[in-house]
Amino acid sequence: MNLVFILSGLALLILGGNWLLKSAVGLSLRLNIPKIVIGMTVVSFATSAPELIVSVKSALDGFPDLAMGNVIGSNVANIGLVLGITIILSKIEVERSFYKTDWPIMMLASLMLFGFVYSDHTLQRYEGVILFSFLIVFLVYLLRVQKPAVVDESLEENQEQLSTFTIVLFLILGGVSLWGGSELLIKGAVGMAEHYGVSRRVIAVTVISIGTSVPELAASIIAVMKKEKAISLGNLIGSNMFNILAVLGITAMIKPIVINDHGLLNNDIYWMLGISFIILPLVFIPRGLRLGWRDGIILLGLYGGFVWTTLS
């Protein structure tokens, strides 16, 4: 039954995330927001919704290791698994904004999280406020400074426009599915951990994190197939930032996250920092501002190493 709960919960999270994504992008199309801004904000927030719901619910239910492990594992999966598969399918030409803005902000957010939790093993309420405030400042900068720089990337007029009723319907369906999916997923994850005698953290950084990263994988593959590369890379970098700044920030503001399983700090968070950092040299070596299939194999190999060390 635990496996049934997990699979059912993941299915609802995927459906809910997809409906929320359609609603968010539909609204963005009406507002004529440039594609790269959609990728870094709207799509990232929508695809991070499963992590947000699962983390908040886990913390409120008294399972903080699930909340933290879910975010750390999802960030590793987004780059190692999702980006790895995406660039194996099709190379990505990287925008200059990647190393000027996107990557530095993602690394800064990751280092902020590390600094906050390393000494006292707790993400305090005021630290959550700092993380979320940093996100707001970055989004204001993005919309005011980046938007004029990418006006030539504005959305095509022939893209599908959703009616207001459809946008609201997808929003409601997405929200209900995400909440129901989180209930089933957490119940199944806790039950599975107790049944097999493993820590909740191991379940969080493997099973749950992969499941909640499925929306990012789907969004990125679809973006590549439609040759919308700006959305694909922006979505992944933005999603990792949202996971730390919004998901953990909001969760900590609601309830401080106390890390009980030291494996999160002795192993998992170092993998998150390392795999986030390595994208930069991969982008420039051997050819500048490009990610190809060889880079994808490296990232998948690193993700395999992360899973192996976690399970061992």
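Here the structure is a predicted model, which is why all the values come from computation and not from measurement.

(A) Spatial organisation of the overall build of the protein chain. Summing up its helical and strand segments, the protein chain has twelve helices and four strands in all. Here the protein chain holds 312 residues, and the buried ones make up 56% of them. Within the protein chain, residue pairs in contact and separated by at least 24 positions form 86% of the contacts whose partners lie at least 6 positions apart. Per element, the accessible surface of the protein chain, about 13300 Å² overall, is 68% carbon and sulfur.

(B) Examining a nonpolar patch on the surface more closely. Together, Ile 88, Trp 293 and Ile 297 make up a nonpolar patch on the protein surface, roughly 290 Å² of accessible area in all. Of note, Ile 88 is situated in helix H4 (residues 64-89). Among the residues examined, Ile 88 registers a relative accessible area of 36% and is labelled partly exposed.

(C) Inspection of the pattern of salt bridges at higher detail. Applying the stated criterion to the full structure yields five salt bridges. Here Arg 290 and Glu 93 are joined by a salt bridge, their closest N and O atoms 3.0 Å apart. With Arg 290 in strand S4 (residues 290-291) and Glu 93 in strand S1 (residues 92-93), the pair connects residues that are 197 residues apart, well separated along the chain. According to the relative accessible area criterion, Arg 290 is partly exposed, its value standing at 23%. The class of Glu 93 is partly exposed, set by a relative accessible area of 41%. Linked through salt bridges whose partners overlap, the residues forming this network are Lys 57, Asp 61 and Glu 183.

(D) Region of the structure containing the nonpolar core. Within the largest apolar cluster, 60 residues are counted, with the highest numbers of intra-cluster contacts made by Met 68, Leu 83, Phe 98, Leu 113, Val 117, Leu 123 and Ile 279. Put simply, the parts of the chain that give this core at least two residues each are helix H3 (49-60), H4, helix H5 (97-118), helix H6 (125-149), helix H9 (229-254), helix H10 (263-277), helix H11 (279-284) and helix H12 (293-311). Not counting the four nearest positions on each side in its chain, Ile 279 is found in contact with Ile 79, Leu 83, Phe 98, Trp 103, Met 106 and Ile 237. Leu 10, Ile 53, Phe 63 and Leu 66 belong to the second largest nonpolar core, which has 19 residues in total.

(E) Broad picture of helix H7 (residues 164-196). Taking 1.5 Å of rise per residue, the 33 residues of H7 would be expected to cover 48 Å, and the 47 Å separating its terminal C-alpha atoms lies within 8% of that figure. At the exit of H7 stands Gly 197, carrying a positive phi of roughly 70°.

(F) Fine view of the environment of Ala 67. Relative to the helices and strands, Ala 67 resides in helix H4. As for Ala 67 and Leu 52, which are separated by 15 residues in sequence, their C-alpha atoms are 8.7 Å apart.

(G) The packing of helix H1 (residues 2-30) against H7, seen in detail. Remark: H1 packs on H7, axes separated minimally by 6 Å, with the N-to-C direction vectors making an angle of 155°. Relative to H7, the element H1 is oriented roughly antiparallel. For the element pair H1 and H7, the recorded crossing hand is left-handed. For the contact of H1 with H7, the per-class residue count stands at 18 nonpolar, 16 polar and three charged.

(H) Quick peek at the packing of aromatic side chains. Per the stated rule, a full pass over the model turns up six aromatic pairs. Among the aromatic side chains, those forming a connected cluster through ring pairs are Phe 114, Tyr 118 and Tyr 270.

(I) Here's a closer look at the confidence of the model for the protein chain. Per-residue confidence for the protein chain averages 83 on the pLDDT scale, and 88% of its residues sit at or above 70. Taken element by element, the protein chain is modelled with least confidence in helix H2 (residues 35-47), mean pLDDT 65, and with most confidence in strand S2 (residues 122-123), mean pLDDT 95. Note on residues 149-158: pLDDT is under 50 here. Beyond four places in sequence and across chains, it has 13 contacts.

Definitions and cut-offs
- Residues numbered from 1 in each chain as written.
- Predicted model: local features only at pLDDT ≥ 70, side-chain atom pairs only at ≥ 80, totals over all residues.
- Heavy atoms only, no water.
- Helix = DSSP H or I, 4+ residues; strand = E, 2+ residues; numbered from the N terminus.
- Buried < 20%, exposed > 50% of the residue type's maximum accessible area, 1.4 Å probe, protein only.
- Contact = heavy atoms within 4.5 Å.
- Areas by Shrake-Rupley, 256 points an atom, 1.4 Å probe, with all protein chains shown as cover.
- Patch = residues over 30% accessible without salt bridge, like charges linked within 9 Å, V, L, I, M, F, W, Y side chains within 5 Å.
- Salt bridge = Lys/Arg side-chain N within 4 Å of Asp/Glu carboxyl O.
- Core = buried A, V, L, I, M, F, W, Y, C linked by side-chain atoms within 4.5 Å.
- Expected span 1.5 Å × (residues − 1).
- Axes fitted to C-alpha atoms, helices over the stretch in contact; angles between N-to-C directions.
- Parallel < 35°, antiparallel > 145°, perpendicular 65-115°, else oblique.
- Left-handed = near helix turned anticlockwise from the far one by under 90°.
- Nonpolar A, V, L, I, M, F, W, Y, C, P; charged D, E, K, R; others polar.
- Phe/Tyr/Trp six-rings, centres within 6.5 Å; stacked < 30°, edge-to-face > 60°.
- pLDDT = per-residue confidence, 0-100.

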